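Examination of the molecular architecture
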Amino acid sequence: KALSTVEPGYLSKLLPTEAPETPEAWDAIQRDIEEKIMPGITHWQHPNFFAFFPSNSSFPGILGEMYSAMFNVIGFNWQTSPACTELETIVLDWLVKAMGLDDGFLSSGLGGGVIQGSASDAICVSLIAARQKMLDSKRAEGMDEESVLALGSKLIAYGSTQTHSSTRKAAMIANVRFRALDVDPVSLGMQGDTVAEAIRADLEKGLIPFYVTATIGTTSSGATDDVLGIAAAASAHNVWLNIDAAWAGSASVCPEYKHTLKGTELADSYSFNLHKWLLTNFDCSPLWVRNRKYLTNALSVTPVYLRNAASDSGVVMDYRDWQLPLGRRFRALKIWFVLRTYGLEGLREHIRKGVAQTERFTEYLRTRPDLYKIETGPNWSLVTFSIVPPAGASISANDLTNAVYDAINADGEIFLTHTILNGVDVIRFATGGVQTADEHIDYAKTVVERVT
């Protein structure tokens, strides 16, 4: 089954309450993996996993993780393992070119990329950099330090009602205000005019807009914000524009999806997750910035014990200054392995397979308008739908959709997730799994129809 169906607390009933005093045989440990751990695993690599977004794993990705674990470097600066730092710079520059991102994100200029653990980390770091940029601009205007520090309560960041919750969480961490703006009710994307009006209104209130997240491929429906319009509104007031393309960004490796990047050349930062849809094991979320000095100004702390000649020379990257933690793993290895093993052609083939499989499922939904209503999409490899109540039925569409959703997941043979769009409860169907084939799409159709 794709979805674990154990009850909460199941494992505490099976394991001792204290660690063993003496060594145990590996055979016993392996047996417990099979008998006690596996029942509590939801199989993200299962071909019938259609929930959330995919979390791809691959043989070269696994080997990259193994080599990283074997080397076990703590690559907080160049000196601790030069290959760890330099390979990261190289493969992230490769990705800028492969994805069709603006050259301003290349390390050869003022910008560059860094591997974060997740899109949430990337958003948090970019928001902190944006806060630093805004406060530094006030210092440059001659404001004294006490007055600059007091401005923190006036800083406000923006996202939309469809923006991933990580932007709100980043604002909480940075202790700044956050405002979720309404989206267009049809496209479900945030519009430039909406952002411009929010900035105008908040400036009148004496607040300081400093950051906005625009999304390419929202979690709920795969909607895309008006990036060009938002960029215009942001640049007019020195507001940092961050692009969150956590899931859909992977598709821009294909020429037919590069148009979705329109406007990203105006962004201050851009991130997506290789670990969702590009065959690279979790965790691996590159973040690119147009000017890296804002990251390092915000996050650089150099005690004496971290100083060394290479770092002091300024000619090397010290990625500890591009992230929240000090230590970092050799994650660039798995990107390097995946890119070389599959090539860009292989990655494109994988993306196109997922898109085609969602279209296959959507075509089935279209043949049964008596049972299903397509609410959004398909957008890339995501479609959302609701259940149509029978004529004369007393149950509402929302209640029936939730009942069908719960029944599907209670069985666990396939795994789906749901969301709410414009007050409508919908079921999400997202493909992109490495092992998923057309036969699994057809099986999902059978399960959904049987339960409906």
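Here goes a summary of the coordinates provided. (Residues numbered from 1 in each chain as written. Predicted model: local features only at pLDDT ≥ 70, side-chain atom pairs only at ≥ 80, totals over all residues. Heavy atoms only, no water.)

A look at the overall build of the chain
Along its length, the chain carries 14 helices and 11 strands. For a compact globule of 452 residues, the expected C-alpha radius of gyration is about 22 Å, and the chain comes in at 24 Å, within 12% of that figure. Seen along its three principal axes, the alpha-carbon backbone of the chain occupies a region of about 70 × 65 × 45 Å. Looking at the chain residue by residue over its 452 residues, the buried ones come to 52%. If you take every contact in the chain between residues at least 6 apart in sequence, the share linking residues at least 24 apart comes to 72%. By element, 55% of the accessible surface of the chain is carried by carbon and sulfur atoms, the whole surface being about 20,200 Å². Of the side chains in the chain, 39 bear a positive and 51 a negative charge, and the two mean positions are spaced by 3 Å. (Helix = DSSP H or I, 4+ residues; strand = E, 2+ residues; numbered from the N terminus. Rg over C-alpha atoms; globule rule 2.2 N^0.38 Å. Buried < 20%, exposed > 50% of the residue type's maximum accessible area, 1.4 Å probe, protein only. Contact = heavy atoms within 4.5 Å. Areas by Shrake-Rupley, 256 points an atom, 1.4 Å probe, with all protein chains shown as cover. Lys, Arg positive; Asp, Glu negative; His and termini not counted. Charge placed at Lys NZ, Arg CZ, Asp CG, Glu CD.)

Considerations on the sheet that holds strand β11 (residues 424–430)
The four strands are arranged β8-β9-β11-β10 in an open sheet whose pairing can be described as antiparallel. Every interior strand has two partners, whereas the edge strands, β8 (372–379) and β10 (417–421), have only one. Going across the sheet, the axis of each strand differs from the next one's by a mean of 30°, ignoring polarity. Pairing geometry for β10 and β11, over five bridges, is antiparallel. Across the sheet, residue Thr417 finds its bridge partner in β11, namely Arg428. Across the sheet, helix α13 (residues 397–411) lies against β9 (382–387), β10 and β11, angled at about 35° from β11, the strand it touches most. (Pairing = 2+ DSSP bridges. Axes fitted to C-alpha atoms, helices over the stretch in contact; angles between N-to-C directions.)

Points about the nonpolar core
Soluble, globular proteins show a tendency: their nonpolar side chains are buried together. Core analysis: the biggest nonpolar cluster contains 67 residues, and Leu241, Tyr270, Trp288 and Ile335 have the highest contact counts within it. If you tally residues by element for this core, the top one is helix α12 (residues 332–367), at nine residues. What Leu241 contacts, discounting residues up to four positions off in sequence, is Val212, Ala214, Ile230, Ala231, Ala234, Leu266, Ala267, Asp268 and Ser269. Core analysis: the next-biggest nonpolar cluster, separate from the first, contains 32 residues, Val125, Leu127, Ala170 and Trp322 among them. (Core = buried A, V, L, I, M, F, W, Y, C linked by side-chain atoms within 4.5 Å.)

Some words on the sheet that holds strand β6 (residues 269–271)
Taken together, the seven strands give an open sheet; going across it, the order is β1-β7-β6-β5-β4-β2-β3, and neighbouring strands pair in mixed fashion. In this open sheet, the two strands that pair with only one neighbour each are β1 (112–116) and β3 (177–181). Going across the sheet, the axis of each strand differs from the next one's by a mean of 20°, ignoring polarity. For strand β4 (residues 208–215) and strand β5 (residues 240–244), the ladder comprises five bridges, and the chain directions are parallel. Residue pairing in the sheet places Thr213 in a bridge with Asn242 of β5. Helix α6 (residues 165–174) rests against β2 (155–160), β3 and β4 of the sheet, and its axis sits at about 160° to β3.

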